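Chain by chain, the residues:
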Amino acid sequence: MAASTSLVPVSVTAVVMPGLSTNADFSDLREIKKQLLLIAGLTRERGLLHSSKWSAELAFSLPALPLAELQPPPPITEEDAQDMDAYTLAKAYFDVKEYDRAAHFLHGCNSKKAYFLYMYSRYLSGEKKKDDETVDSLGPLEKGQVKNEALRELRVELSKKHQARELDGFGLYLYGVVLRKLDLVKEAIDVFVEATHVLPLHWGAWLELCNLITDKEMLKFLSLPDTWMKEFFLAHIYTELQLIEEALQKYQNLIDVGFSKSSYIVSQIAVAYHNIRDIDKALSIFNELRKQDPYRIENMDTFSNLLYVRSMKSELSYLAHNLCEIDKYRVETCCVIGNYYSLRSQHEKAALYFQRALKLNPRYLGAWTLMGHEYMEMKNTSAAIQAYRHAIEVNKRDYRAWYGLGQTYEILKMPFYCLYYYRRAHQLRPNDSRMLVALGECYEKLNQLVEAKKCYWRAYAVGDVEKMALVKLAKLHEQLTESEQAAQCYIKYIQDIYSCGEIVEHLEESTAFRYLAQYYFKCKLWDEASTCAQKCCAFNDTREEGKALLRQILQLRNQGETPTTEMPAPFFLPASLSANNTPTRRVSPLNLSSVTP
C-alpha cells in the first residue's frame, strides 16, 4: 500500500511549527528533550491529553535541562492573537467536556490552533453522544448500529482544507481519525503517513497508523519520515504484530541510547514478554514497574492476566484493592476486578465488571475479549460470539478473540466455522502451539488427517505448551495403523515429560506406556516391553493390563522365545527418533487446504 499522497517534505514542519524538525538518530538527547517538552505543551493546548502524557513521561526519563537551555514557547501569530479570547474560553469548556459549547464559541476562528480545537470538539461531541447511546442500548447486537453522526460533515470540511493544503500536522491527524472511523482505511493510512511527515513528534498520529497496519508487508510499503520517533513506532508495531524478538531488540536499543528510566518502555517490554507467554519474566518486570511507578494504572489489566494464569489469588486481590483506591472508575481497574472474580469462579460478577469497563470505554479491546471468556464459562455461547466479534471490530489483530470464536463454534459443533476462526488465530500467532493443536483437532473432525498430522507436528516443533501435540499425533497414527510412527511419537512424548520433570496428567502418560508395551511385545523386544509394562503398573487405568503383559512376557521367556534383532534401539536412546524417522516433515500449516464456511 504505497502512500503516494503522503510524501510531504519534512521541511514543511519549519513553516507550520518552528522548532519541531527532528533528527534521525539519538546523538543529541538534550535536543530530543526540548522537542518532547515542546510537543507535550502543544498537544495539551489542543486537548490531545494522551499524546501529551506520553511525551511528558518520555521527557521525564531524560536528564533535566539547565535554565539557559529551556526552550521558550512558540511565537504567537496575528491570527492566534485575534482568536485568543475565544480559544481561552472554548478550551475551558473543552476541559470540562462541554464540547458543543466549545465548538459554538470557536466557530469562525481562523488560527490553526483554534480551528483544530473547533473540529476536535465537534468530533468528540459526536463520540460522546454515540457512547451515551451505546450505554443505553439494550443488547450487544444494537451496539454496532450506533454511529457518530458528525463524521460525514467533518470529513467534507477537512477534505476541502486538505485539498487546499491548509491542514497542519494536528489537522491531518484529525482528518485521518475521521477517515478511519468511516472505515476508509487506505485513505486514512495515507493521511496519517502525511501527518507523521509534517509533525513527526506527535505520538498520536504514529499510534493511529499502528492500529491500521495488519502485517509486516504493509509496513514495508509505507514511506515514513526518517526520525528518531520512527524507532518508538517500529518497536510498538512489532509488539502488535507479534514480532516480539524484533520489538525487544528495538526497546533494548532505546534503553541503551538513554531511555532506561522510561516507564513506558519498561511496560512495553513486560507486555512483549506477556505476548510470548514468558510469564515469569513478565511478572518480574511488572513488579519492578509497580515499585517504580506505584500509582500507574496503564497495562495493569495485562499484569492481572498474568496473575490470573498463575492463579495468584492473593496478589490479584491486592492489585484489585490497590487500583480501586487509586481510581475505581478506570477501565483497567474494572478489568482487574473482573479477573479477580473470574479466578474465584464468580463469573456473573466478573461479567458485570467487564460490562462496566465497556460502559466507560466501548472500544476497550481487553474487556470485550474477557467478557467473551466469561460468557463461555456461563455457557452463553450467543453472547460470547457477540463479545468476541466486537473485540475483532476494535482490533482485527486480537488473536484471543479469533481463538475464542473458534472455541465457541467448536462447542456448537460447527467444525467448518471453527476451522476458519482457528486459522485466523493461527495466522496472527504462527508459533503458538495452542492454535496449531486446535487446528489439528478441527481437521481431525473433518477427516482431513494429513492436514491434522501437519498441525500436530508443527505444534510440537514450535514448542508444545500443553504437551499434547505428540499424544494427539500418536493417536492419529494409531488410527491409521501406522504403528512405528505412533511408537516414535509416544517415545518422544515420554522423553520430553521425563526430561523437563513436569507433573503431567497420568492418563496420557499411561496411554503412552501401554501402547509402547504392546508395540515392543509385538516386536518381541522383551526387555523394552517389560520396562513399559512395569511403568503401566504405576497407573490405575493400566495396572491390570501391565500385570497381564508381564506374565505373558515371563511365560514366553520361559518357553525359550528369543527376542528379535530387527528393531533399531530401545526407546530410551534418542537414535530411534532420528530426523529420518520423524512422523511428518516440518510443513508450515499456512499451506493447509483451504476450507472456509
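Residues numbered from 1 in each chain as written. Predicted model: local features only at pLDDT ≥ 70, side-chain atom pairs only at ≥ 80, totals over all residues. Heavy atoms only, no water.

In the nomenclature of an unreviewed UniProt entry, the protein is known as Cell division cycle protein 23 homolog of Fukomys damarensis. Heading Sequence similarities (unreviewed entry) of the UniProt record for the protein holds this comment: "Belongs to the APC8/CDC23 family." (UniProt positions renumbered as here; feature names shortened; annotations may be inferred.)

A contiguous nonpolar surface patch, about 330 Å² in accessible area, is contributed by Leu412, Met414, Phe416 and Tyr417. Relative to the helices and strands, Phe416 is located in helix α24 (residues 415–428). (Patch = residues over 30% accessible without salt bridge, like charges linked within 9 Å, V, L, I, M, F, W, Y side chains within 5 Å. Areas by Shrake-Rupley, 256 points an atom, 1.4 Å probe, with all protein chains shown as cover. Salt bridge = Lys/Arg side-chain N within 4 Å of Asp/Glu carboxyl O. Helix = DSSP H or I, 4+ residues; strand = E, 2+ residues; numbered from the N terminus.)

Moving on to the side chain of His202. Tracing the backbone through its elements, the reader meets His202 in the loop between α10 (185–198) and α11 (203–212). Every residue in contact with His202, bar those within four places of it in the chain, is listed here: Ile39, Thr43, Leu48, Ser51, Phe170, Tyr173 and Met229. (Contact = heavy atoms within 4.5 Å.)

What the rule picks out here adds up to 28 salt bridges. Notably, a salt bridge pairs Arg330 with Glu332, separated by 3.2 Å at the nearest N-O pair. Judged by relative accessible area, Arg330 falls into the partly exposed class, the value being 26%. According to the relative accessible area criterion, Glu332 is buried, its value standing at 8%. Among the salt bridges present, the one from Arg514 reaches Glu545, with a minimum N-O distance of 3.0 Å. Within this pair, whereas Arg514 is found in helix α29 (residues 506–522), its partner Glu545 is found in helix α31 (residues 543–558), the two being separated by 31 residues in sequence. Judged by its relative accessible area of 25%, Arg514 falls in the partly exposed class. Salt bridges here are not isolated pairs; linked through shared partners, they connect Glu45, Arg46 and Lys113. (Buried < 20%, exposed > 50% of the residue type's maximum accessible area, 1.4 Å probe, protein only.)

Scanning the model with the defined rule gives 29 aromatic pairs in all. The interplanar angle of 25 degrees and the centroid separation of 5.2 Å between the aromatic rings of Phe286 and Phe303 together place this pair among those described as stacked. Separated by 17 residues along the polypeptide, Phe286 in helix α16 (residues 279–292) and Phe303 in helix α17 (residues 300–309) bring together distant segments of the chain. Pair check on accessibility: Phe286 and Phe303 agree, each one buried. Centroid distance Tyr409 to Tyr421: 5.4 Å. Interplanar angle 10 degrees. Geometry classified as stacked. Taken together, the positions of Tyr409 in helix α23 (residues 399–411) and Tyr421 in helix α24 put the pair 12 residues apart, joining distant regions of the chain. Taken together, the ring pairs in this structure connect Trp54, Trp203, Trp228, Phe232, Phe259 and Tyr264 into an aromatic cluster. (Phe/Tyr/Trp six-rings, centres within 6.5 Å; stacked < 30°, edge-to-face > 60°.)

When we look at burial in helix α5 (residues 99–106), the residues that qualify are Tyr99, Ala102, Ala103 and Leu106. In an axial view of α5, the angular spread of the buried residues amounts to 95 degrees, which keeps them on one side of the axis. Directly beyond the C-terminal end of α5, a positive phi value near 95 degrees is found at Gly108. (Arc of directions from axis to C-beta.)

Turning to helix α8 (residues 151–163), a few remarks are in order. Note: α-helices contain 3.6 residues per turn, so residues at a spacing of three or four share the same orientation. For α8, with 13 residues, the first-to-last C-alpha span of 18 Å sits near the 18 Å given by 1.5 Å per residue. Among all positions of α8, only Leu151, Leu154, Leu158 and Ser159 are buried. The buried residues of α8 all sit within an arc of 130 degrees when viewed along its axis, so they share a single face. What points out from α8, more than 90 degrees from its buried face, is the exposed set Arg152, Glu153, Lys160 and Gln163. (Expected span 1.5 Å × (residues − 1).)

All right, on to the nonpolar core then. Generally speaking, nonpolar side chains in soluble globular proteins are found buried as a group. The biggest cluster of nonpolar side chains holds 188 residues, and the ones touching the most others in it are Tyr123, Leu209, Trp228, Phe232, Phe233 and Ile237. Ranked by residue count, the leading element in this core is helix α6 (residues 112–136), at nine residues. With near-sequence residues (within four places) excluded, Phe233 lies in contact with Trp203, Trp206, Leu209, Cys210, Ile213, Leu219 and Leu224. (Core = buried A, V, L, I, M, F, W, Y, C linked by side-chain atoms within 4.5 Å.)

Listed under "repeat: TPR" (unreviewed entry) in the UniProt record, and renumbered for this structure, are residues 331–364 and 365–398. Taken as a whole, residues 331–364 contains 79% helix and 0% strand, while its terminal C-alpha atoms sit 8 Å from one another. For the annotated span residues 365–398, helix accounts for 79% and strand for 0% of the residues, and the straight-line distance between the end C-alpha atoms is 8 Å.

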